[in-house]
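The lines below spell out each chain.
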Amino acid sequence: MLRLYRAPAVLAVCLIVSVGFAVHASHAQDASTADKPSDAAAETDDEAEEPDPYAIPENATAEELVAHIRAVTRMRGRTIETVTKSANTVVDTVEAIRKLDDVDVELLSDSIQEEITALNFLVRFDPKARKRLETLIDELAADERPEIKELAETEMLKIRIEGARNASEQDQRALIGEIETMVAKSSMDRNQFALAYRLAESIAASGNIDVAASFYEQLAKWMKDSDDEMIRNRADKMIGAARRIRLPGNPIELVGKTTDGDDFEWENYRGKVVLVDFWASWCGPCRGEVPNMKRNLEIYGDKGFAVVGINLDRTLEACEDYVAKEELTWTNLISDQDDEMGWDNPIATHYGISGIPTAILVDKAGKVISMRARGKELDRLLEEQLGAPDDTEDEPVKD
């Protein structure tokens, strides 16, 4: 479910947007001296001063307060000050709704979810927001209405999921059990998917690969049975994620077409150390790594280092334009089917790629030795696999 302050879970996540706040344009203009009103006009303007658009309307109904939440959300602006002001107003407005009698429980539940989302954003900037969030969760947990109590239970589950990376295997399996109980009550919805996916990621990050891979596969089964078409369509990505996290120490298979339309021959790279780079021209971190990749090709290219790119642009033209501009010399793979571009690239789906850059280093035998081969880590791994860089400086001539 997309909420006022929430961005889609899973794929692209950026700083502020990752917690649900999209920052929009705000402009201010300075009045010139010639445009300044006279004293009499100023007094008139003061008397006609418009009300504060953030002010919570008095004696408003729940529906009117919800409309106010939507209005202040549209005024978030681009600065931290305006976004936090908007978020604080959302919190205060929902609190006003909670004080009303006989509010429809569905409207109340949706409003409280907005408050929780806003508070989760505010904790990044305001220490007091953490206390407000904790107090809210305690109050919700004590509510007798199942729909409201469930909000607290879900939020507490989120907190434990965030800690799953450092949890014991027993605790990780217990969290999986809670998700399973939740999903068993109905078809998997987007909130359940977001929780389950985050848990799978946290367990994978802990290094408990067997548990994480099995959970990704179970998640895929739930997704295939979902009533939500978007969720069903992403089930193969979860199977791919299980396949991806099992890659270290195992072969990676690459099949597809090059940007020239030729069949890619992966076997031709045996005996080389290969960087398999999932990238797109719109991805800033991907572009930022290009100089390092070029530098390492200059150092290690003659020693057996090669790069293969898996491009996730939406069009072949976008890929080719960037390759030409940056003079990239390595082979790039991209689908020749319109419905297999971008994130739907078959190789990206096969390995459950949900974030880029993803830089996978493959040894001479075709087995994966690193899933994070970027920056200094790529330098280190190449020296480990191919030896120290040659000294390019001539030795001084001796008499």
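Residues numbered from 1 in each chain as written. Predicted model: local features only at pLDDT ≥ 70, side-chain atom pairs only at ≥ 80, totals over all residues. Heavy atoms only, no water.

## Some remarks on the overall build of the protein chain
At step 1: Tallying secondary structure elements over the protein chain gives 15 helices and five strands in all.
At step 2: Expressed as a percentage of the 399 residues in the protein chain, the buried residues total 41%.
At step 3: For the protein chain, the proportion of contacts with a sequence separation of at least 24, taken over those separated by at least 6, is 66%.
At step 4: Total accessible area computed for the protein chain in this model is approximately 22,400 Å², and 47% of it derives from carbon and sulfur atoms. (Helix = DSSP H or I, 4+ residues; strand = E, 2+ residues; numbered from the N terminus. Buried < 20%, exposed > 50% of the residue type's maximum accessible area, 1.4 Å probe, protein only. Contact = heavy atoms within 4.5 Å. Areas by Shrake-Rupley, 256 points an atom, 1.4 Å probe, with all protein chains shown as cover.)

## Considering the pattern of salt bridges
At step 1: Applying the stated criterion to the full structure yields 15 salt bridges.
At step 2: A salt bridge links R98 to E139; the shortest N-O distance between them is 3.0 Å. Taken together, the residues span a long stretch of sequence, with R98 in helix α3 (residues 80–98) and E139 in helix α5 (residues 127–141) at a distance of 41 residues.
At step 3: On the basis of relative accessible area, R98 is assigned to the partly exposed category, the value being 26%.
At step 4: Note that E217 is salt-bridged to R246, the shortest N-O span being 2.8 Å. Of this pair, E217 sits in helix α9 (residues 209–224) while R246 is found in the loop between α11 (235–245) and β1 (273–279), placing the two residues 29 residues apart along the sequence.
At step 5: Taken together, the salt bridges that share partners define one network made up of E95, R98 and E139. (Salt bridge = Lys/Arg side-chain N within 4 Å of Asp/Glu carboxyl O.)

## Some points on unusual backbone geometry
At step 1: Each neighbour pair has its own omega, and for I356 with P357 the value is 0°, a cis peptide bond.
At step 2: Topologically, P357 is positioned in the loop between α14 (346–350) and β4 (358–362).
At step 3: The residue D102 is not glycine, and still its phi comes out positive at about 55°.
At step 4: Its location among the elements puts D102 in the loop between α3 and α4 (105–122).

## Things to note about the state of the cysteines
At step 1: Applying the stated criterion across every chain yields a total of one disulfide.
At step 2: Note on cysteine connectivity: C283 is disulfide-linked to C286, with sulfurs 2.4 Å apart. Its S-S torsion of approximately 75° makes the covalent link between C283 and C286 right-handed. Each member of the pair, C283 together with C286, is buried. (Disulfide = S-S within 2.5 Å.)

## So, the environment of T258
At step 1: The topology assignment puts T258 in the loop between α11 and β1.
At step 2: Along the sequence, T258 and N332 sit 74 residues apart, while their C-alpha atoms lie 5.6 Å from each other.
At step 3: Sequence-distant contacts of T258, that is, excluding residues within four places in its chain, are made with F264, T331, N332, L333 and I334.

## Digging into the packing of aromatic side chains
At step 1: Enumeration according to the criterion identifies eight aromatic pairs in this entry.
At step 2: Ring centres 6.1 Å apart and planes at 75° place the aromatic pair F215 and W222 in the edge-to-face group. Each member of the pair F215 and W222 is classed as buried.
At step 3: Among the aromatic residues, those joined into a cluster by ring pairs are F264, W266 and Y269.
At step 4: Note that R270 overlies the ring of W266, its terminal NZ or CZ placed 4.4 Å from the centroid. (Phe/Tyr/Trp six-rings, centres within 6.5 Å; stacked < 30°, edge-to-face > 60°. Lys NZ or Arg CZ within 6 Å of the ring centre and 35° of its normal.)

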